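What follows is the residue order along each chain.
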Amino acid sequence: MRDFAYHRADDAAGAVALVAADPDARFLGGGTNLVDHLKLGITSPGTLVDVSRLPLDQVEELPDGGLRVGTNVRNSDLAAHPAVRRDFPGVARALLAGASGQIRHQATTGGNLLQRTRCVYFQDVTTPCNKREPGSGCSALEGYGRYNAVLGLSEACVTTHPSDLAVALAAVDATVVVLGPDGERRIPLIDLHRLPGHHPERDTVLEHGDLITAVELPAAAVARNATYRKARDRASYAFALVSVAAGLELEGDVVTDVRIAWGGVAHKPWRALLAEETLRGQVLTEDAVREAAAAELATAAVTAQTAYKVDMVRNLTALALTRLAEGTGR
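Residues numbered from 1 in each chain as written. Predicted model: local features only at pLDDT ≥ 70, side-chain atom pairs only at ≥ 80, totals over all residues. Heavy atoms only, no water.

Q: Before we move on, could you go through the nonpolar core and cite the residues and values that matter?
A: By size, the foremost hydrophobic cluster in this structure holds 37 residues, and its most contacted members are Val91, Leu113, Leu169 and Leu217. Element by element, the count of residues in this core is highest for helix α8 (residues 164-171), at 7 residues. Here Leu217 is in contact with Gly66, Leu67, Val69, Phe88, Val91, Leu169 and Val172, once residues within four sequence places are set aside. Counting 30 residues, the second largest nonpolar core, distinct from the first, contains Leu151, Val242, Val310 and Leu321. (Core = buried A, V, L, I, M, F, W, Y, C linked by side-chain atoms within 4.5 Å. Buried < 20%, exposed > 50% of the residue type's maximum accessible area, 1.4 Å probe, protein only. Helix = DSSP H or I, 4+ residues; strand = E, 2+ residues; numbered from the N terminus. Contact = heavy atoms within 4.5 Å.)

Q: Give me helix α13 (residues 307-326): which residues, what numbers.
A: In a regular helix each residue adds 1.5 Å, so 20 residues correspond to 28 Å; α13 covers 30 Å between its end C-alpha atoms and thus fits that length. Within α13, burial applies to Lys309, Val310, Val313, Leu316, Thr317, Ala318, Ala320, Leu321, Thr322 and Leu324. Note on α13: the residue one or two positions beyond its end, Gly327, has a positive phi of about 85°. (Expected span 1.5 Å × (residues − 1).)

Q: Go over the packing of helix α5 (residues 89-97) against α8, please, and point to the residues and values.
A: In contact at an axis separation of 8 Å, α5 and α8 are set at 170° when each is read in the N-to-C sense. Considering their axes alone, α5 and α8 lie roughly antiparallel with respect to each other. Across the interface between the two elements, Gly90, Val91, Ala94, Leu95 and Ala97 of α5 pack against Asp164, Leu165, Ala168 and Leu169 of α8. When the residues that make up the contact of α5 with α8 are grouped by side-chain class, the tally is 7 nonpolar, 1 polar and 1 charged. (Axes fitted to C-alpha atoms, helices over the stretch in contact; angles between N-to-C directions. Parallel < 35°, antiparallel > 145°, perpendicular 65-115°, else oblique. Nonpolar A, V, L, I, M, F, W, Y, C, P; charged D, E, K, R; others polar.)

Q: Quick one: what's the story with the packing of aromatic side chains, residue by residue and with numbers?
A: Within this structure, the stated rule accounts for 0 aromatic pairs. Above the ring of Tyr308, the side-chain terminus of Arg146 is found at 5.6 Å from the ring centroid. (Phe/Tyr/Trp six-rings, centres within 6.5 Å; stacked < 30°, edge-to-face > 60°. Lys NZ or Arg CZ within 6 Å of the ring centre and 35° of its normal.)

Q: Which residues make up the sheet that holds strand β7 (residues 183-188), and what are the values?
A: Strands sit in the order β4-β5-β8-β6-β7 across an open sheet of 5 strands; the sheet is antiparallel. Lying at the two open borders of the sheet, with one neighbouring strand each, are β4 (59-61) and β7. Between one strand and the next, the sheet's axes are offset by a mean angle of 20°, whatever the strand orientation. Bridge count for β4 against strand β5 (residues 67-70) is 3 bridges, and the pairing is antiparallel. Among the inter-strand pairings, Glu60 is bridged to a residue of β5, identified as Arg68. (Pairing = 2+ DSSP bridges.)

Q: Describe the packing of helix α12 (residues 286-296) against α13, listing the residues and the values that go with them.
A: It is at 9 Å that the axes of α12 and α13 come closest, and there the two elements cross at 135°. Classified by the angle between their axes, α12 and α13 sit oblique to one another. The handedness of the crossing between α12 and α13 comes out as right-handed. Residue-level inspection shows Glu286, Val289, Arg290, Ala293 and Ala294 of α12 in contact with α13, the latter providing Arg314, Asn315, Thr317, Ala318, Leu321 and Thr322. Tallied by class, residues from the contact of α12 with α13 come to 5 nonpolar, 3 polar and 3 charged. (Left-handed = near helix turned anticlockwise from the far one by under 90°.)

Q: Go over the pairing of strand β6 (residues 175-180), please, and point to the residues and values.
A: Summarising burial for β6: 5 of the 6 residues are buried, a large majority. Bridge count between β6 and β7: 6 bridges; the pairing is antiparallel. Paired with Thr175 across the strands is Pro188, a residue of β7. Once β6 ends, the chain turns through 2 residues before running back antiparallel as β7. In this sheet, strand β8 (residues 211-217) lies alongside β6 in antiparallel orientation, the contact comprising 5 bridges. Across the sheet, Val176 pairs through a bridge with Val215, a residue of β8.

Q: Report on the sheet that holds strand β2 (residues 25-28), specifying residues and quantitative values.
A: Strand order in the open sheet formed by 3 strands is β1-β3-β2, and the pairing between neighbours is parallel. Looking at the sheet topology across the chains shown, the edges are occupied by β1 (5-8) and β2. Shown here is a sheet whose adjacent strand axes are inclined to one another by a mean of 25°, direction ignored. Pairing geometry for β1 and strand β3 (residues 47-50), over 4 bridges, is parallel. Residue Ala5 lies in a different strand from β3, and its bridge partner there is Thr47. The strands touched by helix α1 (residues 12-20) are β1, β2 and β3; relative to β2, the strand with the most contacts, the crossing angle is about 150°.

Honestly, it's all geometry; don't read function into it.
Written out as structure tokens, the structure reads:
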């Protein structure tokens with residue numbers, strides 16, 4: 001592991017200035033992903049700017065019923081917060097589905113959104129990987145690919161985004177608050193992460209020196225009747241094969257509002273907007289949900305290793321929404 005300089009930031013603006021001025025600098029929050037990468041040799045920054053002690057660790061209930069979550073709020077604290085459990089149960093479930101209790105105590109809200117892929121080739125510095133070393137090739141195209149993407153992939157990269165929280169936040173129309181060298185701006189969560197295209201090394205639209213300071217969750221009735229379901233190889237401490245964040249509002253049996261986001265299928269949390277549009281105004285049935293999901297998946301690119309994901313995410317979406325309709329979804 002390369003030697004590096006360490007600075008503990010006194011305020012957010014100072015942290016941004018330090019990182020923006022040094023192309024070789026990185027922010028350090030909970031460190032649950034970055035420290036692993038330092039050990040594996042995936043990254044070797046010259047400077048780490050520690051933002052974990054900044055006073056950005058509160059959950060604020062907003063006058064309109066929404067929430068503002070500081071970037072340093074720990075995953076375990078956010079999952080246990082009464083307002084999150086009451087108004088955003090899908091977010092709470094997603095947090096509890098991730099990692100282990102020990103890691104959730106350390107991991108931060110902002111850091112969770114910025115964690116990088118767990119593709120085995122990205123983490124193995126002896127293999128070609130366009131995300132780790134642009135232009136070197138994608139070993140996952142011909143190698144082990146059970147976790148590969150089926151939507152939005154490119155010839156340069158077929159990996160998926162690992163965050164459970166990001167999927168749940170995509171389903172509730174969350175907004176990310178970012179402080180950069182030119183001031184503060186807001187980015188819809190669904191626009192934060194990128195599809196790989198020709199530049200899979202860029203996970204997000206953030207520029208060097210941009211610091212996530214908060215995440216804002218707008219109040220919505222559909223977010224209160226919501227859930228998160230995750231299919232994985234074991235019951236804990238495993239990343240999603242596929243996952244579904246869903247919210248539902250009904251008038252009788254007719255869908256008045258619905259939110260669907262998928263994890264484990266793309267380079268970013270995948271908001272299933274076509275499936276949502278297809279379901280609104282329909283009587284909610286399992287067949288209707290499957291047909292809506294199939295419409296969203298019409299452009300899926302599958303291999304022998306990933307074909308299972310299409311059926312799995314369709315079935316998991318149907319299960320999530322029908323259970324919500326029955327009142328047993330949480």
